[in-house]
Amino acid sequence: QVQLVELGGGLVQAGGSLTLSCAASGSIFRLNVMGWYRQAPGKQRELVARITRRGNTNYADSVKGRFSISRDNAKNTVYLQMNSLKPEDTAIYYCNADVISGTTNYWGQGTQVTVSS
């Protein structure tokens, strides 16, 4: 089992920045790809960014160039640095992790990010 706890959500004005963190505990030796997803009201949950253990990254087109994902394997933590925030970035952001030799994905409880105009 893996537990994920997100921190750093909040209210920010358009154009501002916010940093999210996600700390993993439990079977951390099995952590593989980690990432961030978000879900806005009335919309499907979507991938924001993901990162492999070796540091390879992927971003949604909507956040490319504005967001940056990173991870500290020693701390079992993944980060999402969000810059130039837009109102359409408003959503609940969820941390996600999969594990080596497994089919189960793990999710955090989510943290609300609200961007005002």
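Our subject is the structure listed above.
Residues numbered from 1 in each chain as written. Predicted model: local features only at pLDDT ≥ 70, side-chain atom pairs only at ≥ 80, totals over all residues. Heavy atoms only, no water.

Some details on the pairing of strand E7 (residues 67-72)
Each regular strand carries side chains that alternate between the two faces of the sheet. Of the two faces of E7, only the one carrying Phe-67, Ile-69 and Arg-71 is buried; Ser-68, Ser-70 and Asp-72 on the other face are not. One ladder, built from 6 bridges, connects E7 with strand E8 (residues 77-82); its direction is antiparallel. Residue Phe-67 lies in a different strand from E8, and its bridge partner there is Met-82. In this structure, the hairpin formed by E7 and E8 is closed by a connection of 4 residues, where Asn-76 is found at a positive phi of approximately 55°. (Buried < 20%, exposed > 50% of the residue type's maximum accessible area, 1.4 Å probe, protein only. Helix = DSSP H or I, 4+ residues; strand = E, 2+ residues; numbered from the N terminus. Pairing = 2+ DSSP bridges.)

Considerations on the sheet that holds strand E1 (residues 2-7)
Neighbouring strands of a sheet are bound in pairs by backbone hydrogen bonds; such pairs are parallel or else antiparallel. As summarised here, the arrangement of the 4 strands in space is E1-E3-E8-E7, forming an open sheet in which the pairing is antiparallel. Two strands close off the open sheet at either side, each with one partner strand: E1 and E7. Pairs of neighbouring strands in the sheet enclose a mean axial angle of 15°, with direction left out of account. (Axes fitted to C-alpha atoms, helices over the stretch in contact; angles between N-to-C directions.)

Quick notes on the pattern of salt bridges
Per the counting criterion, the structure on display carries 4 salt bridges. Residue Glu-46 pairs with Arg-38 through a salt bridge whose shortest N-O separation is 2.8 Å. Residue Arg-38 is classed as buried on the basis of its relative accessible area of 6%. A salt bridge links Asp-89 to Arg-66, with the shortest nitrogen-to-oxygen separation between them at 2.8 Å. Of this pair, Asp-89 sits in the loop between E8 and strand E9 (91-99) while Arg-66 sits in the loop between strand E6 (57-59) and E7, and the two are 23 residues apart along the sequence. For Asp-89, a relative accessible area of 1% gives the class buried. Classification of Arg-66 by relative accessible area gives buried; the value is 12%. (Salt bridge = Lys/Arg side-chain N within 4 Å of Asp/Glu carboxyl O.)

Focus: the nonpolar core
Formed by 30 residues in total, the largest nonpolar core has its most connected members in Leu-4, Met-34, Trp-36, Leu-80, Met-82 and Tyr-93. Secondary-structure elements contributing two or more residues to this core are E1, strand E3 (18-26), strand E4 (31-39), strand E5 (46-51), E7, E8, E9 and strand E11 (111-116). When residues in this core are grouped by element, the largest group, 5 residues, is from E9. Sequence-distant contacts of Met-82, defined by excluding residues within four places in its chain, comprise Gly-16, Ser-17, Leu-18, Leu-20, Arg-66, Phe-67, Tyr-93 and Val-113. (Core = buried A, V, L, I, M, F, W, Y, C linked by side-chain atoms within 4.5 Å. Contact = heavy atoms within 4.5 Å.)

Focus: unusual backbone geometry
Peptide bonds are, in most cases, trans, and in most cases residues other than glycine have a negative phi. Residues other than glycine seldom take positive phi values, yet Ser-84 does so here, at roughly 50°. Within the secondary structure layout, Ser-84 lies in the loop between E8 and E9. Although it is not a glycine, Ser-101 sits at a positive phi angle of roughly 55°. Mapped onto the elements of the fold, Ser-101 is located in the loop between E9 and strand E10 (105-107). Residue class for Ser-101 comes out exposed when judged on its relative accessible area of 75%.

Don't take any of this as a statement about function, it's just geometry.
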